[in-house]
Amino acid sequence: MANNIGVIGEKESVLPFQLFGFQVHYATSEAEVRAALKQLAERCTILYLTEKCGALVPELLAKYQQQVSPAIILIPDYDGSKGLGLRMIQENVEKAVGQNIL
């Protein structure tokens, strides 16, 4: 199951995920994030993406949010949370329920 999970982000933030057998791609630029996201989206059902990387490709995230798979979850990086991941969760809950219950 772990090989169906991918992680994209800065090396310092995502390196520990290799210990769990996740497919890890290091990315810091928009081009690197786009390439890694497209590659892993074909192979993985769950993708973790650091908030910093997610901020680089908002339109690509919006495209993938319209699909059932892969599930993309934004996680904080080594600098801490920027609130982007929580905002995405709130938007998805609001779409599903009709109002923000969080």
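That block above? That's the structure.
Residues numbered from 1 in each chain as written. Predicted model: local features only at pLDDT ≥ 70, side-chain atom pairs only at ≥ 80, totals over all residues. Heavy atoms only, no water.

A. Structural detail: the sheet that holds strand β4 (residues 71-75). If you trace the four strands from one edge of the open sheet to the other, you get β2-β1-β3-β4, paired in parallel fashion. Two strands in the sheet have a free side with no partner beyond their single neighbour: β2 (23-26) and β4. Neighbouring strand axes in the sheet, compared pairwise and without regard to direction, differ in orientation by 20° on average. Note that strand β1 (residues 5-9) and strand β3 (residues 46-50) share four bridges and pair parallel. The residue bridging I5 from the neighbouring strand is I46, located in β3. (Pairing = 2+ DSSP bridges. Helix = DSSP H or I, 4+ residues; strand = E, 2+ residues; numbered from the N terminus. Axes fitted to C-alpha atoms, helices over the stretch in contact; angles between N-to-C directions.)

B. Quick look at the nonpolar core. In terms of nonpolar packing, the biggest core is built from 17 residues, with I8, L37, L47, L49, L61 and I72 touching the most fellow members. Those elements that provide at least two residues to this core are α2 (30-43), β3, α4 (58-65) and β4. Top contributing element to this core by residue count: α2, with five residues. With residues up to four places along the chain from it excluded, the contact list for L47 reads G6, L37, L40, A41, P70, A71, I72 and I73. (Core = buried A, V, L, I, M, F, W, Y, C linked by side-chain atoms within 4.5 Å. Buried < 20%, exposed > 50% of the residue type's maximum accessible area, 1.4 Å probe, protein only. Contact = heavy atoms within 4.5 Å.)

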